[in-house]
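# Examination of the molecular architecture
For reference, the chains in residue letters:
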Amino acid sequence: MKIVKTYVWVLAFLTVIVIGGGWWFFNTIGEGEKPVIKFGEEISSIGRQKAINISFGDLKTGLRSISVTLSQENKSHVLAASTFPQKGVKNKPVTVIVAPLDLKLHDGPAMLTVSAVDYSLSKNETIITRTVTIDLTPPQIYLLTPVNNINPGGCAVVAFRTSEPTVTSGVMVNNDFSQGYPAIFAGKPATITYFGLPADAAGKVTGLRLIARDSGGNETSIALSALIRKKKFRSDKMKLSDSFLNQKMPDFQPLPPELQGKSPLEIFIYVNGPMRNDNEKRIREMCRKSVPQQLWEGTFLRMKDASPMAQFADKRAYLYGNKVIGESIHLGVDLASLANAPVEASNNGIVMYTGNLGIYGNTVLIDHGFGIFSIYGHMSVINAKAGQQVKKGDVIGNTGMTGLAGGDHLHFGMLAGGQFINPVEWWDPHWINDNVTSKLAPGN
């Protein structure tokens, strides 16, 4: 009996050794999992210079070697290769810069091969091949409409075609890019871009360029010829009273933590400075992407029976006592009617945003397609929801004095391609006909 028990214990011990050894073997040098290779982005074409980000990984035995090659017509070029003399390299990110001209490659198909081998006994290997197109020819741009004359703070539209499909195209105004959208022009596919000029464009050199970039990263740009009209905007000095500061600034104090314990004047300086800049930046970013079709029809509505209080691009200097404590540029038109007057959608569109937006208070942002947006600020009540389709004249809320407003009114603004523009142009049917409708008419 004692011998049997001893045998059982020995057998159990050997079983544990075998199982444990097997577990160790198959999870270390005997493991069968292949290394993992991930691309930072899908690669279909390579232009004159392309950065390819690749991540190699093996969490068990680690990486033994990696390689990246590019082949065309039986000629291979090693773009990257590494051998790791010791175990332990679990992850290895690699960025490969491909310059086809330096490799004497030409337009046409090529084969990208990426491989990785691990430190297992069987040297597990992963090989990924991608057929890519070497594209060394930048797209050509064919301008279909003239730009003509543009007002500072105004809007313009261009239509153009390219010799090949592009991943990005549009208009660059200095360093500000307005995206183009696919459309039909004269019965054929084209791209349409609405863009705006900054209000101070007449006082400085303003570069206008049409750009197009293909999937290989090849980029072409051509200069747009336009006459920028001279236009003067108003300047005004606004005295800040203690009663205004004491009434309005507590509305902002609960928002940013940095305003806690600050005086009303200190809060105003923050609200008119960093907060204003952040609000305007956020609005512009929201207006970078638009519905790729024209939703608006005809002249944009101006608020009924409303008197203008402030104009587009008014330059304001704020005085406390006799000292200037801040400045701003007004990026819309202020319209005042009766308190809590109904606010109508200026044209057909899709509500992009509703909510409190800092200095603008309760705000509605409507996308009218092709990069054209309208904004409604200082509202007391909002009767619209993000994603809702609205028609011209639909009531979306009521005027108010939320945000940085000293009295009940509507702040109405418009943007084109992410640039604030003068709404007055879009209230004028003659301007729309001369500068938009006739230029994009089917007969052109």
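In what follows, the accompanying structure is described. (Residues numbered from 1 in each chain as written. Predicted model: local features only at pLDDT ≥ 70, side-chain atom pairs only at ≥ 80, totals over all residues. Heavy atoms only, no water.)

When helices and strands are tallied, the chain shows five helices and 32 strands. The C-alpha atoms of the chain give 31 Å as radius of gyration, which overshoots the globular expectation for 444 residues (22 Å, by more than 25%). Summarising its shape, the C-alpha atoms of the chain cover approximately 105 × 65 × 40 Å along the three principal directions. Here the chain holds 444 residues, and 47% of them are scored as buried. Put simply, 68% of the contacts in the chain that link residues at least 6 apart link residues at least 24 apart. Accessible surface for the chain amounts to roughly 22500 Å². Of this, 56% is attributable to carbon and sulfur atoms. Between the centroid of the 44 positive side chains of the chain and the centroid of its 36 negative side chains there is a distance of 5 Å. (Helix = DSSP H or I, 4+ residues; strand = E, 2+ residues; numbered from the N terminus. Rg over C-alpha atoms; globule rule 2.2 N^0.38 Å. Buried < 20%, exposed > 50% of the residue type's maximum accessible area, 1.4 Å probe, protein only. Contact = heavy atoms within 4.5 Å. Areas by Shrake-Rupley, 256 points an atom, 1.4 Å probe, with all protein chains shown as cover. Lys, Arg positive; Asp, Glu negative; His and termini not counted. Charge placed at Lys NZ, Arg CZ, Asp CG, Glu CD.)

Okay, the packing of aromatic side chains next. Across all of its chains, the model carries 10 aromatic pairs by this definition. When the centroid spacing of 5.3 Å and the interplanar angle of 90° are considered together, the rings of W296 and W426 count as edge-to-face. Of this pair, W296 sits in the loop between α3 (264–286) and β20 (307–310) while W426 sits in helix α4 (residues 423–426), placing them 130 residues apart in sequence. A relative accessible area of 4% means that W296 is categorised as buried. Note on W426: relative accessible area 0%, which makes it buried. By the ring-pair criterion, three or more aromatic residues cluster together here, those being Y194, W296, F300, W426 and W431. Over the aromatic face of W427 sits the side chain of R302, whose NZ or CZ is 5.5 Å from the ring centroid. (Phe/Tyr/Trp six-rings, centres within 6.5 Å; stacked < 30°, edge-to-face > 60°. Lys NZ or Arg CZ within 6 Å of the ring centre and 35° of its normal.)

Within a sheet, adjacent strands bond to each other through the backbone by hydrogen bonds, running parallel or antiparallel. An order of β24-β30-β28 is seen for the three strands of this open sheet, with the pairing classed as antiparallel. Two strands close off the open sheet at either side, each with one partner strand: β24 (342–344) and β28 (381–382). (Pairing = 2+ DSSP bridges.)

With respect to the helices and strands, H378 occurs in strand β27 (residues 372–379). Looking at H378, the relative accessible area reads 6%, which means it is buried. Setting aside residues up to four positions removed in sequence, H378 forms contacts with I359, Y360, N362, T399, G400, M401, T402, G403, L404, A405, H409 and H411.

With the rule as written, the count across this model stands at 10 salt bridges. Salt-bridge contacts for E33 lead to K60; the nearest nitrogen and oxygen are separated by 3.2 Å. Of the two residues, E33 sits in the loop between α1 (2–27) and β1 (36–39) while K60 sits in the loop between β3 (50–57) and β4 (63–72), which places them 27 residues apart along the sequence. The exposure class of E33 is partly exposed, given its relative accessible area of 47%. Of the charged contacts, one joins K248 and D251 as a salt bridge, the two residues approaching to 3.7 Å between their closest N and O atoms. For K248, a relative accessible area of 4% puts it in the buried group. (Salt bridge = Lys/Arg side-chain N within 4 Å of Asp/Glu carboxyl O.)

Another aspect to go through is the environment of D107. Tracing the backbone through its elements, the reader meets D107 in the loop between β6 (91–98) and β7 (108–118). Classification of D107 by relative accessible area gives partly exposed; the value is 37%. Between the C-alpha atoms of D107 and G170, which are 63 residues apart in sequence, the distance is 25 Å. Ignoring anything within four residues of it in the chain, the contact list for D107 reads I134, D135, L136 and T137. Reaching out from D107, the side chain makes a polar contact with the side chain of T137 at a distance of 3.0 Å. (Polar contact = N/O pair within 3.5 Å; in protein donor to acceptor, adjacent residues only side chain to side chain.)

Strands sit in the order β9-β11-β15-β14 across an open sheet of four strands; the sheet is antiparallel. Either end of the sheet is taken by a strand with one partner, and the two such strands are β9 (141–143) and β14 (181–185). Here the strands of the sheet are splayed against their neighbours by 45° on average, with no regard to which way each runs. Where β9 meets strand β11 (residues 155–162), three bridges bridge the pair, whose relative direction is antiparallel. By the bridge assignment for β11, I141 is matched with T162. (Axes fitted to C-alpha atoms, helices over the stretch in contact; angles between N-to-C directions.)

Here the focus is the state of the cysteines. Counted according to the given criterion, the structure contains zero disulfides. C155 provides the cysteine sulfur closest to C287, a residue in no disulfide bond, and the two sulfurs are 13 Å apart. Judged by relative accessible area, C287 falls into the buried class, the value being 0%. (Disulfide = S-S within 2.5 Å.)

Read these as spatial facts, not as claims about activity.
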